[in-house]
Amino acid sequence: MTASRDQLPPTAPAKVVVLASGTGSLLRSLIDASRSDGYPARIVAVGVDRVCPAEEHADDAGIARFRVALREHPDRSAWDRALTDAVAAHEPDLVVTAGFMKILGTVFLDRFGGRIINTHPALLPSFPGAHAVPDALAYGVKVTGSTVHLVDGGVDTGPILAQEPVPVLDEDDETTLHERIKVVERRLLAEVVAAVATRGVVSDGRKAVIPSDRT
Ligand SMILES: Nc1nc2c(c(=O)[nH]1)N[C@@H](CN(C=O)c1ccc(C(=O)N[C@@H](CCC(=O)O)C(=O)O)cc1)CN2
Ligand SMILES: NCC(=O)N[C@@H]1O[C@H](COP(=O)([O-])[O-])[C@@H](O)[C@H]1O
């Protein structure tokens, strides 16, 4: 079977919807990056699935926000459709999941697949899922890291756009290790969003490439 070859064209100045569920420090860093001169993407809305501090970052920045909570919908499919509609209302070029702790469903992926960027606090394919940092600690790895990838129908299985290693220190606990990873994530995510907005993505099965600068 020939691998599918997909192209995400450059979209700069890209309209971005960011989805979050937690403290929103990665969202905050992306908001700050998007405000720097010449940054090729603008956050047009923030979506959450629960009451969380990320909402306050949106309010502080004057960015529209919405909340689509699973418990407010009869089932997972209804939630997926409602989230899709809420995101679509902002007509994004890109969707970024930054600490968004829900698996996106088929309706969402049909609508935005190929242009959803996720940041994961481990070097995929190691330690996928919602507990990557404690899983890495429990395993005893000496190096973990940050992965930025396109989202597909699996869990953290999408084509990888960028990775960076982060050392695990003997004295680390989940908090200290996760914060060291987040320092990398905050920079790497902003870099990848800018690169994708400016140069697009060419993916061929598992391989995703952001074409190099043609200048
Ligand atoms: N279709 C996809 N959706 C999402 C992906 C993905 O790879 N494919 N990545 C996540 C982000 N993520 C890891 O980076 C992740 C988040 C949450 C979970 C998970 O198991 N969630 C549970 C509920 C957990 C909770 O509510 O605390 C669930 O959705 O039932 C796994 C991986 C973003 N979406
Ligand atoms: N599998 C999903 C996952 O673990 N995502 C992780 O949630 C954190 C959110 O940080 P923040 O709330 O400080 O932005 C980030 O480390 C992100 O990679």
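Nothing here was measured: the structure is a model prediction, and the numbers come from that model.

(A) Just the packing of aromatic side chains, in detail. One pass over the full model with this rule turns up three aromatic pairs. Ring geometry for Phe-127 against Tyr-139: centres 5.9 Å apart, planes inclined by 65°, an arrangement best described as edge-to-face. Residue Phe-127 is located in the loop between β6 (116-120) and α5 (132-139), and its partner Tyr-139 is located in helix α5; the two are separated by 12 residues in the primary sequence. Judged by its relative accessible area of 16%, Phe-127 falls in the buried class.

(B) Examining the packing of helix α1 (residues 25-34) against helix α6 (residues 174-199) more closely. Close contact between α1 and α6 brings their axes to 9 Å; oriented N to C, the two are set at 45°. One element, α1, and the other, α6, form an angle in the oblique class. Remark: the crossing between α1 and α6 carries right-handed chirality. Between α1, through Ser-25, Leu-26, Ser-29, Leu-30 and Ala-33, and α6, the contact on the second element is made entirely by Lys-182, Glu-185, Arg-186, Leu-189, Ala-190 and Val-193. Residue composition of the contact of α1 with α6, by class: six nonpolar, two polar and three charged.

(C) Molecular detail of the side chain of Ser-25. Its place among the elements puts Ser-25 in helix α1. Here the side chain of Ser-25 touches Arg-186 through a polar contact of 2.9 Å, side chain to side chain. With residues up to four places along the chain from it excluded, the contact list for Ser-25 reads His-57, Lys-182 and Arg-186.

(D) Up close: the site of ligand 1. Neighbouring residues of ligand 1: 18 residues in total, closest Arg-76, Lys-102, Asn-118, Gly-154 and Asp-156. In the model, an oxygen atom of ligand 1 is placed 2.7 Å from a nitrogen or oxygen of the Asp-156 main chain. In isolation ligand 1 exposes 710 Å². Once the protein is present, 80% of that is buried. More than half of the atoms belonging to ligand 1 lie within 2 Å of the grid points that define the largest pocket. Taken together, the residues of the shell around ligand 1 break down into eight nonpolar, five polar and five charged.

(E) Broad picture of the UniProt feature "active site" (unreviewed entry) in the protein chain. When the UniProt feature table is mapped onto this chain numbering, "active site" (unreviewed entry) sits at His-120. Tracing the chain through its elements places His-120 in strand β6. Given a relative accessible area of 3%, His-120 falls into the buried group. Those residues in contact with His-120, other than ones at most four positions away along the chain, are Phe-127, Pro-128, Gly-129, Ala-132, Gly-145, Ser-146, Thr-147, His-149, Asp-156 and Glu-185.

(F) Focus on helix α3 (residues 76-88). Taking 1.5 Å of rise per residue, the 13 residues of α3 would be expected to cover 18 Å, and the 18 Å separating its terminal C-alpha atoms lies within 8% of that figure. Listed in full, the buried residues belonging to α3 are Ala-78, Trp-79, Asp-80, Leu-83, Thr-84, Ala-86, Val-87 and Ala-88. Measuring from the side-chain oxygen of the N-cap residue of α3 to the backbone nitrogen of Ser-77 gives 3.1 Å; that N-cap residue is Asp-75.

(G) Region of interest: the environment of Tyr-139. With relative accessibility at 66%, the residue Tyr-139 sits in the exposed group. Between the C-alpha atoms of Tyr-139 and Phe-127, which are 12 residues apart in sequence, the distance is 9.4 Å.

Conventions we followed
Sequence order as written defines the numbering, with residues in each chain counted from 1. To read the labels, note that chains go from A and ligands from 1, taken in the order they are written. The predicted origin of the model limits local features to residues at a pLDDT of at least 70 and limits the giving and counting of side-chain atom pairs to 80 or more, whereas totals for whole chains, interfaces and linings rest on all residues. As a rule here, side-chain values come from all non-hydrogen atoms in the structure, and water together with hydrogens is ignored. Pairing of aromatic side chains requires ring centres within 6.5 Å, counting the rings of Phe and Tyr and the six-membered ring of Trp. Pairs whose planes differ by under 30 degrees are stacked, by over 60 edge-to-face, and all others tilted. Under the scheme used here, helices are H or I runs from DSSP no shorter than 4 residues and strands are E runs no shorter than 2 residues, and both carry numbers assigned from the N terminus. Exposed residues in this analysis have more than 50% of their type's maximum accessible area, buried residues have under 20%, and partly exposed residues fall in between, with area computed by a 1.4 Å probe over protein chains only. In this analysis, axes come from line fits to C-alpha atoms, helices being fitted only over the stretch in contact, and the angle between any two N-to-C directions falls in the range 0 to 180 degrees. For classification purposes, an angle smaller than 35 degrees is called roughly parallel, one larger than 145 roughly antiparallel, one from 65 to 115 roughly perpendicular, and anything else oblique. The sense of a crossing depends on the near helix, which, turned anticlockwise from the far helix by less than a right angle, makes the crossing left-handed and, turned clockwise, makes it right-handed. Only heavy atoms enter the contact rule, under which two residues are in contact if any of them lie within 4.5 Å. Residue polarity is assigned by list, with Asp, Glu, Lys and Arg as charged and Ala, Val, Leu, Ile, Met, Phe, Trp, Tyr, Cys and Pro as nonpolar; anything else, Gly included, falls into the polar class. Polar contact is the term for a pair of N or O atoms within 3.5 Å; when the atoms are in protein, one must be able to donate a hydrogen and the other to accept it, and sequence-neighboring residues count only if both atoms are side-chain atoms. Proximity criterion: a residue is near a molecule or strand once any of its heavy atoms comes within 4 Å of it. For accessible areas, the Shrake-Rupley method is used with a probe of radius 1.4 Å. Any residue's cover is judged against the shown protein chains and nothing else. Buriedness of a pocket was judged along seven lines, with at least five required to meet protein on both sides within 12 Å; pockets are open sets of points on a 1 Å grid over the protein atoms alone, cavities are sets where a 1.4 Å probe fits but cannot get out, and lining residues have an atom within 4 Å of a point. More than half of a molecule's atoms within 2 Å of the grid points is what it takes for that molecule to sit in a cavity or pocket. UniProt positions are given in the numbering used here, feature names are shortened, and annotations may be inferred rather than shown by experiment. One less than the number of residues in a helix, times 1.5 Å, gives the span that helix is expected to have.

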